[in-house]
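Structure at a glance
If you want the building blocks of each chain, they are given just below.
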Amino acid sequence: MAAAPPSYCFVALPPCSKDGLVVFGKNSARPRDEVQEVVYFAAAEHEPGSKVECTYIEIEQVPRTHAVVLSRPSWLWGAEMGANEHGVCVANEAVVTREPASESEALLGMDLVRLGLERGATAKEALDVIVALLEEHGQGGNYYEDGSSCHTFQSAFLIVDRNEAWILETSGKYWAAEKITEGVKCICNQLSLTTKIDAEHPELRDYVKSQGWWNGDSDFNFSEVFSLADDHLACCSGRESLEKQGGDVSAQAMIDVLRDKDSGVCVDSESFLTTASIVSVLPQDPSFPCIHYFTGTPDPSRSIFKPFIFVDDVKLVPKVQSPSFGNDDPAKKIPRFQEKPDRRHELYKAHEWARSLLENDQGFQVNSFLLRIKKFGFKQ
């Protein structure tokens, strides 16, 4: 069974966050050569009976979808992480449970990130959207752009708005969720929910009893029931760094944690790399805008976090969008992934150039590059 990529998601809520803000962050660890793009989709009205084509399957569209900004692997429809116009942020984690993930094509966890953002105006609404679609369509299919092997995982989510956060963990169609209203929380590529469960699939406990995974007499511990061996143990050293900030967790503190390679939060291994990152600052006062910082490039320790704010008439930035191959995309053809096109966008190529200079100790050229690269950020 393949190991899940070691991504990390964080949220800090008052009283641990600075100035009463909610601060959200994620590092997306993916295959080293995968490109992530940053894309914006405006709010839209949809005709009755219309469909939406996700990564692998088509599902019913809703009458209205919210405006969203997403960081996504450029070959798929969904997203690793993103935000919507109402101040909701969602991030996905691939997890392995004792129940094998399905290779049959269904919704990916990353599709559910985008669907939750497009259809939920609060964190709880986004959660309800995700679990309803999970029940109706299931989850499954290849998580990687790989024609030689099918890499399948279950999904966990961190869902955040201006007032609260939810941790949602799934195995097949079964799920449990915990509501967070204060403090610091982290999720990674291991299950973390224990006995504090605030919402769950109505048949969850009957199902695990029927499988012989829980006898019904002891406390129900979601991680212990669904994890392989001791995979449910604490996995996130980055949380300690944020907790040491006391009540002063800020956007910069979150960025510093995401850039930390010594703790393992910033992944740079033989198989995986932190291919993109996000930090979002959500004021509890709705009269103030949320600010979302995206890298759009690999390795946050060598990337600039560029701000985005939802405003009227958002201008698209082609330099952070990958080439489109339409129906000729190998991700859309059956069998899938028989070729691997060059999906690098302009900012990704510029970042590669800067990294090559750093590795060749040509730092003086990098300073010039950093001054020029600011133009790649979103403009509102």
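Above this text is the structure in question.
The residue numbers shown here count from 1 along each chain, following its written sequence. The model is predicted, so local features are restricted to residues of pLDDT at least 70 and side-chain atom pairs to those at 80 or more, both for listing and for counting; the totals for chains, interfaces and linings are taken over all residues. Side-chain measures here rest on the full set of heavy atoms in the structure, leaving out hydrogens and waters.

1. Side note on the overall build of the protein chain
The condition is simple: Elements are defined by DSSP. Helices are runs of H or I of four residues or more, strands are runs of E of two residues or more, and each kind is numbered from the N terminus. Here's how the labels work: a residue is buried when its accessible area is under 20% of the maximum for its type, exposed when over 50%, partly exposed in between, all with a 1.4 Å probe on protein chains only. Whether two residues are in contact is decided by their heavy atoms: any pair within 4.5 Å suffices. None of His or the chain ends enter the tally, which takes Lys and Arg as positive and Asp and Glu as negative. Lysine's charge is taken at NZ, arginine's at CZ, aspartate's at CG and glutamate's at CD.
Across its full length, the protein chain holds eight helices and 18 strands. Seen through its C-alpha atoms, the protein chain measures out along the principal axes to roughly 65 × 50 × 45 Å. Per-residue burial over the protein chain gives 56% buried out of 380 residues. In the protein chain, the proportion of contacts linking residues at least 24 apart, taken out of those at least 6 apart, comes to 67%. Looking at the protein chain, you have 38 positive and 57 negative side-chain charges, and the mean spots of the two groups are 6 Å apart.

2. A look at the pattern of salt bridges
A pair can form between side chains of opposite charge whenever their charged atoms are brought close. To keep it simple, the criterion reads: Put simply, a salt bridge is a Lys or Arg side-chain nitrogen that is within 4 Å of an Asp or Glu carboxyl oxygen.
Tallied over the full model, the rule gives 24 salt bridges. Salt-bridge contacts for Glu145 lead to Arg343; the nearest nitrogen and oxygen are separated by 2.8 Å. Of the two residues, Glu145 sits in the loop between α2 (123–137) and β11 (154–160) while Arg343 sits in the loop between β18 (306–308) and α7 (346–359), which places them 198 residues apart along the sequence. Each member of the pair Glu145 and Arg343 is classed as buried. In this structure, the salt-bridge partner of Glu178 is Lys196, at a minimum N-O distance of 3.8 Å. Remark: Lys196 occurs in the loop between β14 (183–187) and β15 (199–200) and Glu178 occurs in strand β13 (residues 174–180); sequence separation between them is 18 residues.

3. Here's the deal with the side chain of Asn92
Position of Asn92 relative to the elements: it lies in strand β10 (residues 89–95). Ignoring anything within four residues of it in the chain, the contact list for Asn92 reads Lys26, Glu80, Gly109, Met110, Val113, Tyr143, Ser155, Ala156 and Phe157.

4. A closer look at the nonpolar core
Note the threshold: Definition of nonpolar core: a set of buried residues of the types Ala, Val, Leu, Ile, Met, Phe, Trp, Tyr and Cys, connected through side-chain atoms within 4.5 Å.
By size, the foremost hydrophobic cluster in this structure holds 47 residues, and its most contacted members are Ile159 and Leu168. Those elements that place two or more of their residues in this core are β8 (68–73), β10, α1 (109–119), α2, β11, β12 (165–171) and β13. In terms of residue count, α2 provides more of this core than any other element does, eight residues in total. Those residues in contact with Leu168, other than ones at most four positions away along the chain, are Leu127, Ile130, Val131, Ser155, Ala156, Phe157, Ile159, Trp175, Ala176 and Ala177. Counting 45 residues, the second largest nonpolar core, distinct from the first, contains Ala91, Ile180, Leu204 and Phe226.

5. Considerations on the sheet that holds strand β17 (residues 291–294)
Rules: Strands pair, by our definition, only if DSSP identifies at least two bridges between them. In this analysis an axis means a line fitted to C-alpha atoms, helices contributing only their contacting stretch, and an angle means the value between N-to-C directions, from 0 to 180 degrees.
As summarised here, the arrangement of the six strands in space is β14-β1-β2-β16-β17-β18, forming an open sheet in which the pairing is antiparallel. The open sheet has two edge strands with one neighbour each: β14 and β18. Taking the axes of each pair of neighbouring strands and ignoring which way they run, one obtains an average angle of 15 degrees across the sheet. The pairing of strand β1 (residues 8–13) with strand β2 (residues 22–31) spans five bridges and is classified as antiparallel. Paired with Phe10 across the two strands is Gly25, which belongs to β2.

6. Notes on the packing of aromatic side chains
Convention followed: Side-chain rings of Phe, Tyr and Trp, where Trp is taken by its six-membered ring, are said to pair if the distance between their centres is within 6.5 Å; with planes under 30 degrees apart they count as stacked, over 60 as edge-to-face, and otherwise as tilted. Think of it as a cone above the ring: NZ of Lys or CZ of Arg counts as a charge over the ring if it is within 6 Å of the ring centre and within 35 degrees of the ring normal.
Tallying each qualifying case throughout the model produces eleven aromatic pairs. Between Tyr207 and Trp213, the ring centres sit 5.9 Å apart and the planes meet at 90 degrees, which makes this aromatic pair edge-to-face. Within the aromatic cluster, the residues linked to one another by ring pairs are Tyr174, Tyr207, Trp213, Phe222 and Phe226. The ring centre of Phe41 lies 4.1 Å from the NZ or CZ of Arg114, which sits over that ring. For the cation-ring pair, Lys124 lies above Trp166, with the distance from its terminal atom to the ring centre recorded as 5.9 Å.

7. Quick look at the packing of α1 against α2
The cut-off we apply is this: Reported orientations rely on four angle classes, namely roughly parallel under 35 degrees, roughly antiparallel over 145, roughly perpendicular from 65 to 115, and oblique for the rest. Take the far helix as your reference; a near helix turned counterclockwise from it by less than a right angle gives a left-handed crossing, and one turned clockwise gives a right-handed crossing.
Contact geometry for α1 and α2: axes closest at 8 Å, N-to-C directions at 130 degrees. Classified by the interaxial angle, the pair formed by α1 and α2 is oblique. You can see that α1 and α2 cross each other, and the crossing is right-handed. Across the interface between the two elements, Leu112, Leu115, Gly116 and Arg119 of α1 pack against Glu125, Ala126, Val129, Ile130, Leu133 and Leu134 of α2.

8. Some words on the side chain of Arg343
We classify Arg343 as buried; its relative accessible area is 5%. Beyond its immediate chain neighbours, meaning those up to four positions away, Arg343 contacts Val35, Ser74, Trp75, Glu145, Ser322, Pro323, Phe325, Asp329, Pro330 and Ala331.

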